[in-house]
Amino acid sequence: MDYYSKQINRLVSELASLPGIGAKSAQRLAFHILNMPTENVEQLSVAILEARNHVCYCKECFTLTDDEICPICANQERDHDTIMVVENSRDLAAYEKTGKYTGVYHVLHGAISPMLGIGPGDIRLKELLQRLQKDAAEVIIATNSSLEGETTAMYISKLIKPTGIKVTRIASGVPVGGDLEYIDEVTLLRALEGRRVL
Ligand code: ZN
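Residues numbered from 1 in each chain as written. Predicted model: local features only at pLDDT ≥ 70, side-chain atom pairs only at ≥ 80, totals over all residues. Heavy atoms only, no water.

J.: Help me understand the coordination of the zinc ion in this model?
T.: Under perfect tetrahedral coordination by four donors, a metal shows angles of 109.5 degrees; under perfect octahedral coordination by six donors, it shows angles of 90 or 180 degrees. Within the first shell, the zinc ion binds the protein through Cys-58 (SG), Cys-61 (SG), Cys-70 (SG) and Cys-73 (SG), at distances of 2.3 Å. Every donor counted, the four donor atoms about the zinc ion form angles of 105 to 115° at the centre, which fits tetrahedral coordination. Taken in sequence order, the residues that donate to the zinc ion follow the motif C-x2-C-x8-C-x2-C. Placement of the pair is Cys-61 in the loop between β1 (56–57) and β2 (64–65) and Cys-73 in helix α4 (residues 71–74), with a sequence separation of twelve residues. (Donors = N, O, S within 2.8 Å, 3.2 Å for Na, K, Ca; no water. Tetrahedral: all angles 85-135°; square planar, octahedral: opposite > 155°, others 65-115°. Helix = DSSP H or I, 4+ residues; strand = E, 2+ residues; numbered from the N terminus.)

J.: When you look at the packing of aromatic side chains in this model, what are you seeing that I'm missing?
T.: Aromatic ring pairs are described here by two measures, namely the spacing of the ring centres and the angle between the planes. With the rule as written, the count across this model stands at two aromatic pairs. When the centroid spacing of 5.2 Å and the interplanar angle of 70° are considered together, the rings of Tyr-4 and Phe-31 count as edge-to-face. One end of the pair, Tyr-4, is in the segment before α1 (6–16); the other, Phe-31, is in helix α2 (residues 23–35), and 27 residues separate them in sequence. When its relative accessible area of 31% is taken as the criterion, Tyr-4 is described as partly exposed. Given a relative accessible area of 32%, Phe-31 falls into the partly exposed group. (Phe/Tyr/Trp six-rings, centres within 6.5 Å; stacked < 30°, edge-to-face > 60°. Buried < 20%, exposed > 50% of the residue type's maximum accessible area, 1.4 Å probe, protein only.)

J.: Sorry if this is basic, but what is going on with the nonpolar core here?
T.: The tendency in soluble globular proteins is for nonpolar side chains to be buried as a group. Ranked by internal contacts, the top residues of the largest apolar core, which has 36 residues, are Met-84, Tyr-95, Tyr-105, Leu-128, Leu-132, Ile-156 and Ile-160. Of all the elements in the fold, those that place two or more residues in this core are α4, β3 (79–86), α5 (89–98), β4 (103–107), α6 (125–132), β5 (138–141), α7 (147–160) and α8 (185–193). In terms of residue count, the dominant contributor to this core is β3 (four residues). Those residues in contact with Leu-132 that lie beyond four places of it in its chain are Ile-83, Val-139, Ile-160 and Ile-165. Judged by nonpolar contacts, the second largest core, of six residues, contains Val-12, Leu-15, Ala-30 and Ile-33. (Core = buried A, V, L, I, M, F, W, Y, C linked by side-chain atoms within 4.5 Å. Contact = heavy atoms within 4.5 Å.)

J.: It is not clear to me how the pattern of salt bridges should be interpreted in this structure. Could you clarify?
T.: Once the charged atoms of two side chains with opposite charge are near each other, the side chains can pair. According to the stated counting rule, one finds six salt bridges in the structure shown. Notably, a salt bridge pairs Glu-68 with Lys-59, separated by 3.5 Å at the nearest N-O pair. For the pair Glu-68 and Lys-59, one class covers both residues: exposed. Note that Glu-127 and Arg-124 form a salt bridge whose closest N and O atoms lie 3.2 Å from each other. Exposure remark for Glu-127: the relative accessible area of 16% places this residue in the buried category. With relative accessibility at 22%, the residue Arg-124 sits in the partly exposed group. (Salt bridge = Lys/Arg side-chain N within 4 Å of Asp/Glu carboxyl O.)

J.: Help me understand the domain arrangement of the protein chain, please; the structure alone is not making it clear to me.
T.: Buried accessible area, meaning the area lost when the parts come together, often serves as the stated size of an interface. Domains assigned within the protein chain are domain 1 (6–50) and domain 2 (76–197). The gap between the C-alpha centroids of domain 1 and domain 2 is 35 Å. (Domains from an automatic or database assignment.)

J.: Please clarify how α5 should be interpreted in this entry.
T.: The periodicity of an α-helix, 3.6 residues per turn, causes residues three or four positions apart to be oriented the same way. Taken together, the buried positions of α5 are Ser-89, Asp-91, Leu-92, Ala-94, Tyr-95 and Thr-98. Considering only its buried residues, α5 is in contact with β2, α4, β3, β4 and α8. Just downstream of α5 lies Gly-99, where phi reads positive at about 70°.

Take a look at the structure:
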């Protein structure tokens, strides 16, 4: 049963298709948007469109960025021989927030999950191996401590070990099943400092 106009229904259903937005929140947001001044609505829609059109993957580490090479990879002060492997750009941001990590990153954009049908070919693993053909001293695996994160860590360490490059895994200061992005900086640093060789 449709209680609203077609246009409102359309807006509500678009908003409801976003992650974490249920039917009620979608309605609340829709009516909020309808009450906003037109220019603010324009700013919002332009911001969404421009971000979608201009944000791309860094050619080195595959994080989301505005340029061909992200500011971290472009920074010559960083230690380019130490590569921290993370599941997504939000995890990268969590480690960057600590301000203590001086190496670079590699963003997988996911984790291996046989349950969800996500295999090694579905994340940026091939790109990591290509990167490692250049000089690398250490690969720090900082995937989440979920089943998927651990599976991915094991898989990566098996792939890299034969190359002789040092592979480490962040320590379990990170709670089991915990998403890196929600963990405080002290815990993240402790996990990084306590990393062990695989
Ligand atoms: Zn980069």
